Amino acid sequence: MDGLPGGSTSVTRVIKAGWLDKNPPQGSYIYQKRWVRLDADYLRYFDSNKDAYSKRFVTVACISRVAATGDQKFEVITHNRTFSFRAESDVERKEWMQALQQAVAEQRARARLSGAYPLGARGLEQPDHAGSLELRGFKNKLYVAVVGDKVQLYKNLEEYHLGIGITFIDMSVGNVKEADRRSFDLTTPYHIFSFSADSEPEKEQWLEAMQGAIAEALSTSEVAERIWAAAPNRSCADCGAAQPDWASINLCVVICKRCAGEHRGLGAGVSKVRSLKMDRKVWTETLIQLFLHLGNGAGNRFWAANVPPSEALQPSSSPGARRRHLEAKYREGKYRRYHPLFGNQEELDKALCAAVTTTDLAETQALLGCGAAVSCCSGDPEAPTPLALAEQAGQTLQMEFLRNNQGTGVPRPDSTLPLEKHYSVVLPTVSHSGFLYKTASAAKPLQDRRAREEFSRRWCVLSDGVLSYYETERAVTPNGEIRASEIVCLAVPPPDTHGFEHTFEVYTEGERLYLFGLESAELAHEWVTCIAKAFVPPLAEDLLARDFERLGRLPYKAGLSLQRAQEGWFSLAGSELHAVFPEGPCEEPLQLRKLQELSVQGDNENQVLVLVERRRTLYIQGERRLDFVGWLAAIQKAAASLGDTLSEQQLGDSDIPVIVYRCVDYITQYGLTSEGIYRKCGQTSKTQRLLESLRQDARSVRLKEGEQHVDDVSSALKRFLRDLPDGLFTRAQRLAWLEASETEEEEEKVSRYRELLLRLPPVNRATVKALISHLYCVQCFSDTNQMNTHNLAIVFGPTLFQTDGQDYKAGRVVEDLINHYVLVFNVDKEELRKQREEVTAIVKMRVAGTASGTQHAGDFICTVYLEEKKAETEQHVKIPASMTAEELTLEILDRRNVGVREKDYWTCFEVNEREEAERPLHYSEKVLPILHGLGMDSHLVVKKHQSMEAMLLYLASRVGDTKHGMMKFREDRSLLGLGLPSGGFHDRYFILNSSCLRLYKEVRSQRPWSGAPETSHRPEKEWPVKSLKVYLGVKKKLRPPTCWGFTVVHETERHEKQQWYLCCDTQMELREWFAAFLFVQHDGLVWPSERSRASRAVPEVRLGSVALIPLRGSENEMRRSVAAFTADPLSLLRNV
């Protein structure tokens, strides 16, 4: 038989390898040279020492004996075959025989210790999947077995039982992919094995088995080895199989792969199954310790205390026997050891509350297994549940055990009684049957359209929580089945997505996707409804009240304060994401087109979808890659703009389209003083590209100075408003607005405008107010930008009313709305004051930036991090001019649902990564100027100020208003010119008082009456204290003498920066100096006396000015038209 080329090196240690002559099976005297390799498990021979896929292999376990036959020959004898070899010399023959005999002896010794099989019989590991397949290059079918992380090839079933095969493939280098309807390829770097199955369903089973082998090959044994350290955990808790590598984390038992499959069938409400080798992120140190304390020893003392020998499982037990045994053991609790309090619910709950405060985990396990409620009321208001009591007592292992058992059901002796309903326990109450068209299951998302020819007609039956599909309605054995308990998502693509007009997709825990199709919309809806009812628990029944695009369960976190992910139920309907969580009422739906943030964080292996709505943040984790990809695409599509009307756009908090306030904010910052703003046109190509990107996903567009010109942005806004199908003022009301402009009495006209404003749809009304508010600010700078109220009206009248420019009344409406902005829109004094402050700050900073040559990039959307700079902690926040550091801190904490305790000193820090220093912002500091001063290496982070309590205690106890002492000082020679002898640190004496910081070279004597030392001369240097910025930390490359240092920055009146470094001897000294700086710089107000945690009233989002396409007509005509009107602008903000 021809050998198979290529190969991979076995990870098993090779005992001996070398060239031998082999006598062929026919008994010819012609020997063939073969490369022979022996390891602890296999004797293999190859055509070449470069091949790793053998011509034949013999398992060491089936070798009976090794015998010499003369002339350097020896025989390897099995129960049914004899293999003859010839060595180069007697010495070499002796070495081979000794190596083989030792390997056989060690194999038998291992077998006796494990009890896997009797002496002299071959110990075959049970395959995960086995059967006959055609392999290209071989005339006859081969018998193929998937065993652990290997695929083994045999000539036939008989040789499989004898342990004599062709070769095996290590799946750590393998990859499986579909070919045609019945074929698939197993690809390695060295060879492609092309297999063909007898049917398409059989091919699907082979694909699933081989993908499982790949996963096992790539897994790690680190967790398994630690858990096997406890002797009872080295064999399956249910059947006794050796080295079990699966576990039920709520039952706290270690099980083999075969039992794990049946545990999954019990549902997650009974057993939560995880792999010791593949689910690495599940196995925290606490969970591992829990298994070492409980595990199979304690587990079987409770769950298997009364198992009759006749009902006990064996490693060779059939799947049906396993299923029946595990149903009785864990679902019904048939064999458990009954607790003395069994049947008395109140006493069980009381005993549980007492047990969780101790280290007696076995007692907690027995109480929960006999009916104690994991979330019962403890009667203690400070610790209302057992979990809270365990946390209060510091019992981390008890906490882990309780968390893993939240939501699980209580075993019931009578399996006919209704089970306690749980979010992933399936109650088999739904039945349905009929013909469906089905494609082969897939392990990856469906990117391409599936043609009608790819669907096969199948008779499908939904009954007892199982969806089975048969070749025909008369077939007895199903081609395959899908357990409702394993369904994680049900998706309904739009009509005509595939070859059948109506289709639906079913996703399972095993990362498989099943596509079904029908021509009838009514029949498809019936199937979707029945399947949804079969796998959705009563807890989430409300999700079935509306049609959905996707429905399923996903791991989620509701804020950074939650340490563990939970599983919730979600449905996507239109642009709303509905959620039901295990604990608590049905959540308000997330309006996806109103999200403040939609981002994907983490790497490809651990992706997290972050959805930020006002006052709440939701993290959806991609634990199962296949259905998460589908959810991600569907949510991103639902969150995008759906059409051209205003109400179909992505919206902000105030129902203003994101596309509008993106443009308005940008022009408010960069275009208020731009001459001819809104009158000048941008470049057509740039305007079109910008508008297309804004229409596609305005939320993700960040407008930056230098990348977009203000005229391009203004033109994009005008084009957007002009192209609205119904217009901003709507076609139905457009004429009424124009007629109202002809009212002569101003008071009556304003009243009429207010009445018409109330008739507009909410989104239109909010957009009109935002736009007019912005134009009101623009005209306040008409001395600079030459765009007074009338000039803006000429530009925006025809744009907003979509006229040809001939109707003067359109411009008059816009002009009236700007002139009477305060009255028409009921703008109160406080709102107007904040608007003035924001615009004033913007213009001043622009002027200052121009004067100093500083170019500010970005808009007022600032990225702020919580606790540390990581992708999953970032938050995008709009920063008004009036926002303080305290308000920003509260905004971030509110968004992330972080609770603040009494002595939690949450503060916003300015972090300079290049200087390796950070500065806690004073609570009253304005954030906007700091934001504009941040460099590329700096960012803002909100975190706890760990030293604040010690600093406040120091300030409360100190005497006097000055601070003095020695510190080590170093200048930054690139910025300072103090003429010190070297660039290192030097001892200097400092005095800090209410006005300045003084540096002295040395100290001469102490004046007892003043408490301050007498220095040798006048201060060498003096700085006004309120002009200093003090940062905690000194960069390491300067080699500071201690780790307690400052970086001090002084900005002169000429905007020149000086920088130096100070080091203290102790951390306490560092805190005292820093507290003194804060005290002096902020007149003694270091921390707010009453920090309010009430929800802050966030200023209403106002939108910066927006540029649109120009009026019709030539540029000269437009200039003449503008020059013809010289209405005096409002003087309210003329001198800003």
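This text goes with the structure placed above it.
Residues numbered from 1 in each chain as written. Predicted model: local features only at pLDDT ≥ 70, side-chain atom pairs only at ≥ 80, totals over all residues. Heavy atoms only, no water.

*Asks:* How should I be thinking about the overall build of the chain in this particular structure?
*Replies:* Along the chain, the regular secondary structure elements total 30 helices and 46 strands. Out of the 1136 residues in the chain, the part that is buried amounts to 54%. Nonlocal contacts in the chain, meaning residues at least 24 apart in sequence, comprise 61% of its contacts between residues at least 6 apart. Entry remark: accessible area of the chain is about 51400 Å², with carbon and sulfur atoms responsible for 48%. (Helix = DSSP H or I, 4+ residues; strand = E, 2+ residues; numbered from the N terminus. Buried < 20%, exposed > 50% of the residue type's maximum accessible area, 1.4 Å probe, protein only. Contact = heavy atoms within 4.5 Å. Areas by Shrake-Rupley, 256 points an atom, 1.4 Å probe, with all protein chains shown as cover.)

*Asks:* Even after reading the chapter, I still don't get the pattern of salt bridges, so can you show me in this structure?
*Replies:* Two side chains that carry opposite charge are able to pair once their charged atoms sit near each other. Taken as a whole, this structure holds 48 salt bridges when the rule is applied. A salt bridge links Glu-913 to Lys-869; the nearest nitrogen and oxygen atoms lie 3.1 Å apart. Linking Glu-913 in the loop between strand 35 (906-912) and strand 36 (917-920) with Lys-869 in the loop between strand 33 (861-866) and strand 34 (874-878), this pair joins segments that are 44 residues apart in sequence. Owing to a relative accessible area of 39%, Glu-913 belongs among the partly exposed residues under this scheme. (Salt bridge = Lys/Arg side-chain N within 4 Å of Asp/Glu carboxyl O.)

*Asks:* So what exactly am I meant to see when it comes to helix 10 (residues 361-369) here?
*Replies:* Residues separated by three or four positions in an α-helix point in the same direction, a consequence of the helix having 3.6 residues per turn. Among the 9 residues in helix 10, 7 count as buried, and that is most of the element. Regarding helix 10, the residues found buried are Leu-361, Thr-364, Gln-365, Ala-366, Leu-367, Leu-368 and Gly-369. On its buried face, helix 10 is in contact with helix 6 (285-293), helix 7 (295-303), helix 9 (345-355) and helix 12 (396-404).

*Asks:* I tried to follow the environment of Val-1049 on my own but got confused; where do I start?
*Replies:* Residue position: Val-1049 is located in strand 45 (residues 1045-1051). Put simply, Val-1049 and Gln-1059 are 10 residues apart on the chain and 4.5 Å apart in space, counted from C-alpha to C-alpha. Each residue touching Val-1049, except ones within four places of it in the same chain, is listed here: Ser-1027, Leu-1028, Lys-1029, Tyr-1031, Lys-1057, Gln-1058 and Gln-1059.

*Asks:* Sorry, what's going on with the sheet that holds strand 10 (residues 150-154) here?
*Replies:* Strand-to-strand pairing in sheets goes through backbone hydrogen bonds, with the strands running parallel or antiparallel. Spatially, 12-10-9-8-15-14-13 is the arrangement adopted by the 7 strands of the open sheet, whose pairing is antiparallel. The sheet is open, and its two edges are formed by strand 12 (167-170) and strand 13 (175-178), each paired on a single side. Between one strand and the next, the sheet's axes are offset by a mean angle of 35°, whatever the strand orientation. Pairing between strand 8 (residues 129-135) and strand 9 (residues 142-147): 5 bridges, direction antiparallel. Following the sheet pairing, His-129 is matched in strand 9 by Val-146. Packed on one face of the sheet, helix 3 (residues 200-217) meets strand 8, strand 9, strand 10, strand 13, strand 14 (183-187) and strand 15 (192-196) and runs near 110° to strand 8. (Pairing = 2+ DSSP bridges. Axes fitted to C-alpha atoms, helices over the stretch in contact; angles between N-to-C directions.)

*Asks:* So what exactly am I meant to see when it comes to the packing of helix 28 (residues 948-957) against helix 29 (residues 1067-1081) here?
*Replies:* Helix-helix packing is described using two parameters, namely the angle between the two axes and the distance between the axes. As a packed pair, helix 28 and helix 29 sit with axes 9 Å apart at the nearest point and diverge in direction by 70°. As judged from the angle between their axes, helix 28 and helix 29 are roughly perpendicular. Between helix 28 and helix 29, the contacting residues are Ala-950, Met-951, Tyr-954 and Leu-955 on the first element and Arg-1071, Glu-1072, Phe-1074, Ala-1075, Ala-1076, Leu-1078 and Phe-1079 on the second. (Parallel < 35°, antiparallel > 145°, perpendicular 65-115°, else oblique.)

*Asks:* Sorry if this is basic, but what is going on with the pairing of strand 38 (residues 963-971) here?
*Replies:* Along a regular strand, successive side chains alternate from one face of the sheet to the other. Alignment of strand 38 against strand 39 (residues 986-992), held across 7 bridges, turns out to be antiparallel. In the sheet register, Gly-965 faces strand 39, and the bridge partner there is Phe-990. With 4 bridges connecting them, strand 38 and strand 46 (residues 1057-1063) associate as antiparallel partners. The residue bridging Arg-970 from the neighbouring strand is Tyr-1061, located in strand 46.

*Asks:* What should I look at first to understand the sheet that holds strand 17 (residues 253-255) in this one?
*Replies:* Ordered by their spatial adjacency, 3 strands build an open sheet running 17-16-18, and the pairing between neighbours is antiparallel. The open sheet has two edge strands with one neighbour each: strand 17 and strand 18 (273-275). When strand polarity is set aside, the average angle formed by the axes of neighbouring strands in this sheet is 30°.

*Asks:* Help me out: how do you make sense of helix 3 in this one?
*Replies:* The terminal C-alpha atoms of helix 3 lie 26 Å apart, and with 18 residues this matches the ideal 26 Å at 1.5 Å per residue to within 8%. Turning to helix 3, its buried residues number three or more, namely Glu-200, Pro-201, Lys-203, Glu-204, Trp-206, Leu-207, Ala-209, Met-210, Ala-213, Ile-214, Glu-216 and Ala-217. Where helix 3 begins, the side chain of Ser-199 points an oxygen toward the backbone nitrogen of Glu-202, at a separation of 3.3 Å. (Expected span 1.5 Å × (residues − 1). Polar contact = N/O pair within 3.5 Å; in protein donor to acceptor, adjacent residues only side chain to side chain.)

*Asks:* Just to check I follow, could you spell out the environment of His-339 for this structure?
*Replies:* Relative to the helices and strands, His-339 is located in the loop between helix 8 (319-331) and helix 9. Residue classification places His-339 among the buried positions, given a relative accessible area of 10%. Taking the C-alpha atoms as reference points, His-339 and Phe-302, separated by 37 residues in sequence, lie 9.4 Å from one another. If we ignore the near neighbours within four places in the chain, the residues touching His-339 are Leu-348, Glu-363, Ala-366, Leu-367 and Cys-370.

*Asks:* Before we go on, may I ask you to explain the packing of aromatic side chains in this structure?
*Replies:* Where two aromatic rings form a pair, the distance of their centres and the angle of their planes describe that pair. According to the stated counting rule, one finds 36 aromatic pairs in the structure shown. On the numbers, 5.2 Å between centres and 70° between planes, the contact of Trp-283 with Phe-291 is edge-to-face. The class for Trp-283 is buried, based on a relative accessible area of 6%. Through a chain of ring-to-ring contacts, the aromatic side chains of Tyr-42, Phe-57, Tyr-143, Tyr-154, Tyr-160 and Phe-168 assemble into a single cluster. The positively charged end of Arg-550 is found above the aromatic ring belonging to Trp-631, 5.5 Å away from the centroid. (Phe/Tyr/Trp six-rings, centres within 6.5 Å; stacked < 30°, edge-to-face > 60°. Lys NZ or Arg CZ within 6 Å of the ring centre and 35° of its normal.)

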